[in-house]
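Per-entry structural report
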Amino acid sequence: MLVLGVILLVVGFVTGISILWTVGIILAVIGAILWILGSMGHALAGRRHYW
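Here's a quick rundown of the structure. Bear in mind that the values here come from a model prediction, so they are computed numbers and not experimental data.

Now for the overall build of the protein chain. If you tally the helices and strands in the protein chain, you get two helices and zero strands. Taking all 51 residues of the protein chain together, 20% fall into the buried category. Pairs at least 24 apart in sequence give 26% of the contacts found in the protein chain among residues at least 6 apart.

Given below as structure tokens:
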């Protein structure tokens, strides 16, 4: 999810499509939060690790 968010950020920035930029920011933030919680050992949606 983090990688998809970064890809959408880049594509949105290059093409000038603001909706891709917004969705990219949202996905990157959610992906970063899930990555941090997963690395701290919290089980997310029944999974011990999230990557």
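Take the packing of helix H1 (residues 2-15) against helix H2 (residues 18-39) next. Remark: H1 packs on H2, axes separated minimally by 7 Å, with the N-to-C direction vectors making an angle of 160 degrees. In terms of axis orientation, H1 runs roughly antiparallel to H2. The two elements H1 and H2 cross, and the hand of that crossing is left-handed. Residues Leu2, Leu4, Gly5, Leu8, Leu9, Val11, Gly12, Phe13 and Thr15 of H1 pack against Leu20, Trp21, Val23, Gly24, Ile25, Leu27, Ala28, Gly31, Ala32 and Trp35 of H2. Here the contact of H1 with H2 is composed, by residue class, of 14 nonpolar, five polar and no charged.

With that settled, consider a nonpolar patch on the surface. Among the surface-exposed residues, Val6, Val10, Phe13, Val14, Trp21, Ile25, Val29, Ile33, Ile36, Leu37 and Met40 lie close enough to one another that they form a single nonpolar patch of about 1,000 Å² accessible area. Counting only elements with at least two residues in the nonpolar patch, the list comes to H1 and H2. Counting residues per element, the nonpolar patch draws most heavily on H2, which supplies six residues. Within the secondary structure, Val6 sits in helix H1. In this structure Val6 comes out as partly exposed when scored by relative accessible area, which is 42%.

So, how was this worked out
Residues numbered from 1 in each chain as written. Predicted model: local features only at pLDDT ≥ 70, side-chain atom pairs only at ≥ 80, totals over all residues. Heavy atoms only, no water. Helix = DSSP H or I, 4+ residues; strand = E, 2+ residues; numbered from the N terminus. Buried < 20%, exposed > 50% of the residue type's maximum accessible area, 1.4 Å probe, protein only. Contact = heavy atoms within 4.5 Å. Axes fitted to C-alpha atoms, helices over the stretch in contact; angles between N-to-C directions. Parallel < 35°, antiparallel > 145°, perpendicular 65-115°, else oblique. Left-handed = near helix turned anticlockwise from the far one by under 90°. Nonpolar A, V, L, I, M, F, W, Y, C, P; charged D, E, K, R; others polar. Patch = residues over 30% accessible without salt bridge, like charges linked within 9 Å, V, L, I, M, F, W, Y side chains within 5 Å. Areas by Shrake-Rupley, 256 points an atom, 1.4 Å probe, with all protein chains shown as cover. Salt bridge = Lys/Arg side-chain N within 4 Å of Asp/Glu carboxyl O.

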